[in-house]
Amino acid sequence: MINIGSILFIFIYFNIIRKNRSIKSLYINSFAFCIILELTVSRGFFIQIGQQQIAYRTTAEIFLFILSVMMLLKKPIKRKTFSKYAVLFLCLLIGWVGLIFFPPDAKGATMNVPWEDILTGVASLQDIRFVSGMYVEIIQVIIYIVIALCAWSNCEIEDWKFLFRAFLKYSRFYIYVGLVEFIMTYILGTDLFHEVVDVILGNSQGAISTVLSRGGGYTLTGLTQEASQYSFTIMMIIIFNILGYLIDKGNKNLKAARQEKIILIMSLFFSIVMMSFSSYLNLFCVLAFAILLVSELRGNSFFRMWTILIVLFGCCVLIIALLPTIAQHLSLNSFLGRRINSLVEEMTTIGNGTWLTATSALEYSVRVRLGSAYETFKLSFARPLFGLGFAATTAHSPLAMLLSGCGFVGSFIYIKTIFYPTPLVSNKRDKALYLSCIIIFIAITFLNSMSLRPFYETWNIAFAMAIRYFLMIRHDASVQGYWLQQGKIQWRQINNL
């Protein structure tokens, strides 16, 4: 079974193939389309066979994987880049081999039995074993490694620029789609947006198809399945447009900077009204990201940047410590009041060890998210070096799944491979900014419901490339400014003679 979106998908790829004669240009354009689908479209399906739905992003990843293999066979791979990804795969292999031949004593949730089933009593805590649900995740991470290896071996600065600009251009369209949803939901009070999207993209399993009222507002989902996924998409749009705005403003491209400013304002507005608590957590990460970039633009030292990051972390810890006091003064009828009170309630049940047995909850979704993350983080210590096996556990926290699956050594190598597959040529200040952005990326993956997707989707390559592109632009501008200043000094010295 296919739908209108499937036909549109095929048409877009037909145009990409028709307009790009070389395999390199075909790869870059397919890469851009894949990033767009991964970040913005999780609703619907490309094809359905029986009860099995194959997502648009999965289809795009498979096509990009085939192109990556063709390119890698055609052009020699950079040895250092290959070595890093080979080490990463070896770390993953160690975890899987240990899981199969030396099963651990640990118990938790698996890809076959989620925490929701355990919490509701449908199933008991599971022995961590190699289960059938892991096969899809293993295939996904292998596809990702091949795509990433090809990208870092073949993409040049102009390719990075194209990928960056392609996503910025599409984000404008996506935000205008969000505006249509806002008008239909908040002003007209109709389900028409969801109905039209389901007709075009397909009615996917688990997607919200009706307008839900929350704390005086309504949930917004965009082209994703739920509000928390939409909040993640909007956050990434904000981050990319902040970079675009700073670059274009610095280059005096005022028209583009103005467009990016409009998208930023609209995105921030959607983050507030979409009625997702995740959006407020994401906005804190965006705030940290923006502060660090402004600090870099002002030429602050790497020591001052780290001071800013530590202060932000301290503020976060202080807010968490004050949550019980804050919750007492908030009404349960308001959206934020109910979520914060629920957060305090679940922190208490986790602290006294009753979160799995408690019979009531203000917000069940908060209980599953916090509790699953906590229990899965604990599993990281069962095999702290190389973990229980990538995708051996599940939780509403990609970071907890990575740490428990790959261990602390394996997770360090995994994240380092994402962001440092090639050397970062820059000064200490820029390196500090880049590392700070990595920390923000890790914070983003702390609590969201995207499983391991942040660690094996191609958009994380684009995120790393975008930061590097920004630093390169800034570095080139600073070098040009230095030589211009030197030229002025020499000219004055000549005149004085």
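Residues numbered from 1 in each chain as written. Predicted model: local features only at pLDDT ≥ 70, side-chain atom pairs only at ≥ 80, totals over all residues. Heavy atoms only, no water.

Let us now look at unusual backbone geometry. Positive phi values are uncommon outside glycine, yet lysine 252 reaches one of about 65°. Looking at where lysine 252 falls in the secondary structure, it is placed in the loop between helix H9 (227–250) and helix H10 (254–273). Taking the relative accessible area as the measure of exposure, lysine 252 reaches 68% and is therefore exposed. Here alanine 391, not a glycine, exhibits a phi torsion of approximately 75°, which is positive. Mapped onto the secondary structure, alanine 391 falls in the loop between helix H14 (364–379) and helix H15 (398–419). (Helix = DSSP H or I, 4+ residues; strand = E, 2+ residues; numbered from the N terminus. Buried < 20%, exposed > 50% of the residue type's maximum accessible area, 1.4 Å probe, protein only.)

For the pair helix H13 (residues 335–351) and H14, the least separation of the axes is 9 Å and the interaxial angle reads 40°. Between H13 and H14, the angle falls in the class oblique. The chirality of how H13 crosses H14 is right-handed. Side by side, H13 and H14 meet where Arg339, Ser342, Leu343, Glu345, Glu346, Met347, Thr349 and Ile350 of the first sit next to Val366, Arg367, Leu370, Gly371 and Tyr374 of the second. (Axes fitted to C-alpha atoms, helices over the stretch in contact; angles between N-to-C directions. Parallel < 35°, antiparallel > 145°, perpendicular 65-115°, else oblique. Left-handed = near helix turned anticlockwise from the far one by under 90°. Contact = heavy atoms within 4.5 Å.)

Turning our eyes to something else, we now look at the packing of aromatic side chains. Two aromatic rings, taken as a pair, are described by how far apart their centres are and by the angle between their planes. Summed over all chains, the structure comprises 35 aromatic pairs. Summarising the aromatic geometry, the rings of phenylalanine 182 and tyrosine 186 are spaced 4.9 Å apart at their centres and angled 25° between planes, so their arrangement reads as stacked. One end of the pair is phenylalanine 182 and the other is tyrosine 186, both in helix H7 (residues 157–187) and four residues apart, which spans about a single turn. What makes phenylalanine 182 buried here is its relative accessible area of 15%. A network of ring pairs unites the aromatic residues Phe232, Phe390, Tyr414, Phe419, Tyr420, Tyr434, Phe441, Phe455, Trp459 and Phe463 as a single cluster. (Phe/Tyr/Trp six-rings, centres within 6.5 Å; stacked < 30°, edge-to-face > 60°.)

As for its position among the elements, asparagine 15 is in helix H1 (residues 4–19). Here asparagine 15 falls in the buried class, since its relative accessible area comes to 16%. Linking asparagine 15 and threonine 185, residues 170 residues apart in sequence, is a C-alpha distance of 34 Å.

Once that is clear, we can look at the nonpolar core. Within the largest apolar cluster, 145 residues are counted, with the highest numbers of intra-cluster contacts made by Tyr27, Phe390 and Tyr414. Excluding anything up to four places from it in sequence, phenylalanine 390 contacts Leu92, Trp96, Met134, Glu137, Val141, Leu402, Gly405, Cys406, Tyr414, Leu452 and Tyr456. (Core = buried A, V, L, I, M, F, W, Y, C linked by side-chain atoms within 4.5 Å.)

Moving on to the pattern of salt bridges. One pass over the full model with this rule turns up 12 salt bridges. The residue lysine 24 makes a salt bridge to aspartate 159 at a minimum N-O spacing of 3.1 Å. Here aspartate 159 lies in helix H7 and lysine 24 lies in helix H2 (residues 23–40), a separation of 135 residues in the sequence. With a closest N to O distance of 3.5 Å, glutamate 375 and lysine 378 form a salt bridge. Here the residue glutamate 375 and the residue lysine 378 both occupy positions in helix H14, the gap between them amounting to three residues, near one helical turn. Using a relative accessible area of 17% as the deciding quantity, one classes glutamate 375 as buried. Taking relative accessible area as the criterion, lysine 378 reaches 42% and is therefore assigned partly exposed. Connected via shared salt-bridge partners are Arg57, Glu61, Arg453 and Glu457. (Salt bridge = Lys/Arg side-chain N within 4 Å of Asp/Glu carboxyl O.)

Turning our attention to the state of the cysteines. On inspection of all chains with the given rule, the structure shows zero disulfides. Not engaged in a disulfide, the cysteine cysteine 316 finds its nearest cysteine sulfur in cysteine 285; these two sulfurs lie 8.4 Å apart. Free cysteine cysteine 406: the closest other cysteine sulfur is in cysteine 91, separated by 7.9 Å. (Disulfide = S-S within 2.5 Å.)

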